[in-house]
Every structure is written in C-alpha cells, then in structure tokens.
Amino acid sequence: MAAKKVTAAQLRKLDRQLVDLLNERAAAAIANGELAEARGESAVDQTASGVADPAVLKYAIENNDGPLTANAIQAIFRELLSGIRSANQPIRAAYLGPAYTYSHLAAIARFGQSAELVPVATIASVFDEVEQGHAQFGVVPIENSTDGRVADSLECLARLSAVANGNGSGESGATHVQICGEVPLRIHHCLLGRGARSEIRRVCSKPQALSQCRNWLAAHLPGVKLEPASSSAEAASLAAAEPDTAAIGTEQAAVNNGLSVLARNIEDNAENVTRFAVIGARAADRTGRDKTALVFEAPHEPGSLADAMAIFKRHRLNLTWIESFPIPSARGRYLFFLEFQGHPAELRVKRAIASLQKKSLRLSLLGSYAESEVVG
Ligand SMILES: O=C(O)C(=O)C[C@]1(C(=O)O)C=C[C@@H](O)C=C1
C-alpha cells in the first residue's frame, strides 16, 4: 500500500497546534505567576531568536504527566521550534567541524537540525564567520569541567574585546559580536577505530578530548602515541584512513566515518561537561535568569585583583566563572574573564560594572545571556 503523503497545509496546521499548545502552557504558567519574567510575552516571541525559553520548557517538563522523559520533551521542543522558526527566518550558525564534533552537537542542542549549521576548520574561523556577517551565530567551547579553559576561544574573545575597546584608543570599534547564550553539554567520549583494540598504535583527537581521557588511556592503552587533531571529527576521519589509528570522538562521528565504537564513556570524570558560548551580532533578550560576562585588565600592582573582587561582594553578585589569561605581548600582565549572575539592566550590576571600570586598565562587556541547564 502506498504511504499517504502529508500535505503542506496539514503540516502548517500541526505547527499551529503545537505553537498554540506552547502558548497555552506559557499563558497558564504566566497566569500562575510561575513565569514572572516572561509576563506579557508569548512563547513564540520568547523563541524568536530560535531558542526555547528555558522557563517555558521547564514548565512543560515539570507539568508533563505522559510517558516521555525530560530529554525527549526537550528534543521535541527544540526540533519543533527549530522547524517553525526556520520557515520564517532561517538561522545560519558556524561551528568547529567537520560534522559530528561536540561543537556540532552543541549547535544542534541550541538551534535544532532545521537551522543551517556550517562546519569550519578552526575556532578562529567560527569567530570570523560571525564577525563578517556570514553566519548570525557561532558556537565555541570555552571551558570543560575536567580540563579547564579552551584557550583558542578565550584568545578570540580577548581579541573581540580589544576591537570593541578600539585597541586601547578608547574609541568604540566596529564589531558588536558578543556572547548571547551558553550551552553546557554533557560530554561522553568514545574510542573509535576500524580494527581491534589490540591493533591500535596511535590515538588522535583534539588535545582537550585526549586530556579528558588521559587516565583511561594510560590504563587501557599504555604506550600508544597520542596525537593532536584539529577536532574530534577530524580525528575520526584520520582513523578511517589508518587501521592502526583510533580516534576519541562522538558516536555520531563513528557512524559518519564507518568506524566501530571500541569503547564508550571513556572520559575520566563521569560528570564531564563542556560549556559552549553562543556568539552573535545581536544582544540576547533579558530573561530574568541571566548571567553577564566581561573581561578586564587589573593594574599590575598589589591588591588590584582583590579590590576588583570586593566590588562583587559589595554588590552581592555571585561569580560563576573566573579565568586568568596571560596577555601574549606583555609578560606578567593578565586579562581576567569573569561571569556573574545578573543583567546590566539591574542597578546593582550597572554600579558594579562602573566601579570595576574605574579600577581597570580596560574592561569590555562580553555579553549577557540566559543561564542554561546542562543538556545531553
Ligand atoms: O573536537 C571537538 O569535537 C570539539 O567540538 C572541540 C572540543 C574542545 O575543544 O573543547 C569540544 C568539546 C570537548 O570537550 C572536546 C573538544
């Protein structure tokens, strides 16, 4: 029997029903005072930038009495919203490729599969794509719970901030690229290869992935050569070419490259999470549960960092990230990346930033965005 075709009109009706359902849930939640910050906005407005409002999603998950898991609801919402939004306003987002890197999975978690997700060869190219307006968004890893910061991304953020500051001239630069979201993604690494585990002579991956599995590798593949690759999916394509080479990467990269999964969950820390920043040329809307990131340089003198930190204590602002980063051209001088809960629309945040600015040699706001739950 021939399969019955679904017409475009039927699909539109289904979309409408789902959007109505979302709106109903949001409206009920708003009426109950459960979405105080979202008051007056429809769920569709809230998702205009292609991202499900975390409060609406949370409400739908918490009020679900059906058989679906929270992860399944999240995935359904994400793909529906991605599809509905793409029909109106296509989204193009760049990520470190090739296909099925962890960055790709983070981009899918954020924008869904209906968005145009563009693989590029380096993290710097992700920034270039957004700065040159070829992509509205970019997704870049900034820190991992086991391995710490991702220096390539911080270097690009520092460069953005230098441009925004007019390279120290005090004039505002041409770029408005900023952080407009975060995706904390659970990272489960797989060992991928063509042959048996006993044939492996070298293991390739992005250095961050190799480092997140170093104890497992030492215990299970002692003496094999560890080689850096530009990404985990690039490593998977190297492993596809050489039977004595394995890669550390995603399960999806194994399928894409015709490899077997030789071992699963080989990360040293079961709670392995990488936090990705979503960068874009437009500021994110305030949600009421936001964080703000900035980068500043404290004067090279005793107590300057302690004075800077005291500002956050005084204004009761909770820090969620602090990272020191050496300034390559100036030995002994450091940039400090900071993130805290709050939004510059709040008076205490405005005051704290103004005080910090006075104490800094330079300061750039990197963006304010919704605080997100871990996905995956
Ligand atoms: O190589 C990849 O698959 C990436 O997306 C990059 C990257 C990283 O550099 O942190 C992203 C997340 C994982 O922690 C490991 C690798």
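Source: prediction; values computed, not measured.

Chemist: Would you take a moment to explain the overall build of the protein for this structure?
Modeler: When its secondary structure is counted, the protein shows 13 helices and 15 strands. Pairs at least 24 apart in sequence give 71% of the contacts found in the protein among residues at least 6 apart.

Chemist: Quick question: what am I supposed to make of the environment of L335 here?
Modeler: Looking at the secondary structure, you find L335 in strand β14 (residues 334-341). Separated by 263 residues in sequence, L335 and A72 have C-alpha atoms that sit 41 Å apart. Look past the residues within four positions of L335 in its chain and what remains in contact with it is A158, V295, E297, F325 and I327.

Chemist: Even after reading the chapter, I still don't get the nonpolar core, so can you show me in this structure?
Modeler: Here is a general trend for soluble globular proteins: nonpolar side chains tend to be buried in one another's company. Ranked by size, the top nonpolar core spans 56 residues in total, and within it A93, A106, V126, V139, F276, V278 and I279 carry the most contacts. With seven residues, helix α5 (residues 102-111) is the single largest residue contributor to this core. Once residues within four sequence positions are removed from consideration, V139 is found in contact with A93, Y95, S103, A106, A107, R110, V183, F276 and V278. Counting 25 residues, the second largest nonpolar core, distinct from the first, contains V203, A236, A253 and L259.

Chemist: Mind showing me how you'd approach the domain arrangement of the protein here?
Modeler: In many reports, interface size means the accessible area that the parts give up when they come together. Taken as a whole, the protein is organised into domain 1 (8-88), domain 2 (92-186 + 274-370) and domain 3 (190-269). Each of domain 2 and domain 3 was reduced to a C-alpha centroid, and the two centroids are 30 Å apart. Contacts between the two partners involve 15 residues from domain 2 and, on the opposite side, 15 residues from domain 3. Broken down by class, the residue content of the side of domain 2 that touches domain 3 amounts to eight nonpolar, six polar and one charged.

Chemist: Is there a simple way to explain the sheet that holds strand β10 (residues 260-263) in this structure?
Modeler: Within the open sheet, the five strands sit side by side as β8-β7-β9-β6-β10. Their pairing is mixed. At either end of the open sheet lies a strand with only one pairing partner, and these are β8 (225-228) and β10. The mean inter-strand angle of the sheet, taken between neighbouring strand axes irrespective of direction, is 35°. Inspection of the sheet shows strand β6 (residues 190-193) paired to strand β9 (residues 245-249) by three bridges, in the antiparallel sense. In the strand pairing of β9, L191 is matched with I248. Contacting β6, β7 (202-205) and β9, helix α10 (residues 232-241) crosses the sheet at an angle of about 155° to β9.

Chemist: Where do I start with the environment of E79 in this structure?
Modeler: Position of E79 relative to the elements: it lies in helix α4 (residues 70-88). With 51 residues separating them in the primary sequence, E79 and V130 have C-alpha atoms 23 Å apart. If sequence neighbours within four positions are ignored, E79 has contacts with G112 and Q113.

Chemist: Looking at this structure, I do not really get the packing of helix α12 (residues 304-314) against helix α13 (residues 347-359). What am I missing?
Modeler: Axes are the key here: two packed helices are described by the angle between their axes and the distance separating the axes. Two elements in contact, α12 and α13, have axes whose closest approach is 9 Å; the angle formed by their N-to-C orientations is 170°. Judged on the interaxial angle alone, α13 and α12 are roughly antiparallel. Where α12 abuts α13, its residues S304, D307, A308, I311 and F312 lie against A352, S355, L356 and K359. Looking at the contact of α12 with α13 residue by residue, the classes come out as five nonpolar, two polar and two charged.

Chemist: Looking at this structure, how should I read the confidence of the model for the protein?
Modeler: For residues with low pLDDT, the predicted coordinates do not support detailed interpretation. Model confidence for the protein is summarised by a mean pLDDT of 85, while 76% of its residues fall at 70 or above. Per-residue pLDDT stays below 50 along residues 30-52; that stretch engages in 45 contacts with residues further than four places along the chain or on separate chains. Confidence drops under a pLDDT of 50 for residues 166-175, and excluding neighbours within four residues, the segment shows 13 contacts in the predicted structure.

Chemist: Please clarify how the site of the ligand should be interpreted in this entry.
Modeler: As a matter of local geometry, the ligand sits amid 15 residues, with T101, S103, P141, S231 and S232 nearest to it. Elements supplying a minimum of two residues to the shell around the ligand: α5, β3 (137-144), α8 (207-212) and α10. Shared between two domains, the shell around the ligand holds at least three residues of each, these being domain 2 (92-186 + 274-370) and domain 3 (190-269).

Chemist: In this structure, what is going on with α10? I would like to understand it.
Modeler: Think of an α-helix as 3.6 residues a turn; residues three or four steps apart then line up on the same face. For α10, the full list of buried residues reads S232, A233, E234, A235, A236 and A239. The inward-facing, buried residues of α10 contact α5, β6, β7, α8, β9 and α11 (251-256).

Chemist: Got a minute to help me understand the sheet that holds strand β15 (residues 362-370) in this structure?
Modeler: Across a sheet, strands are paired by hydrogen bonds formed along the backbone, either parallel or antiparallel in direction. Strands sit in the order β13-β14-β12-β15 across an open sheet of four strands; the sheet is antiparallel. Each edge of the open sheet is held by one strand with a lone partner, namely β13 (319-326) and β15. Direction aside, the axes of adjacent strands within the sheet are offset by 15° on average. Relative to β14, strand β12 (residues 290-297) runs antiparallel, the two being bridged by six bridges. Of the residues in β14, the one forming a bridge with F296 is F336.

Reading the values: rules and limits
- Residues numbered from 1 in each chain as written.
- Predicted model: local features only at pLDDT ≥ 70, side-chain atom pairs only at ≥ 80, totals over all residues.
- Helix = DSSP H or I, 4+ residues; strand = E, 2+ residues; numbered from the N terminus.
- Contact = placed C-beta atoms within 7 Å.
- Core = buried A, V, L, I, M, F, W, Y, C linked by C-beta atoms within 7 Å.
- Buried ≥ 20, exposed ≤ 12 C-beta atoms within 10 Å, placed from the backbone.
- Domains from an automatic or database assignment.
- Nonpolar A, V, L, I, M, F, W, Y, C, P; charged D, E, K, R; others polar.
- Pairing = 2+ DSSP bridges.
- Axes fitted to C-alpha atoms, helices over the stretch in contact; angles between N-to-C directions.
- Parallel < 35°, antiparallel > 145°, perpendicular 65-115°, else oblique.
- pLDDT = per-residue confidence, 0-100.
- Near = placed C-beta within 6 Å.

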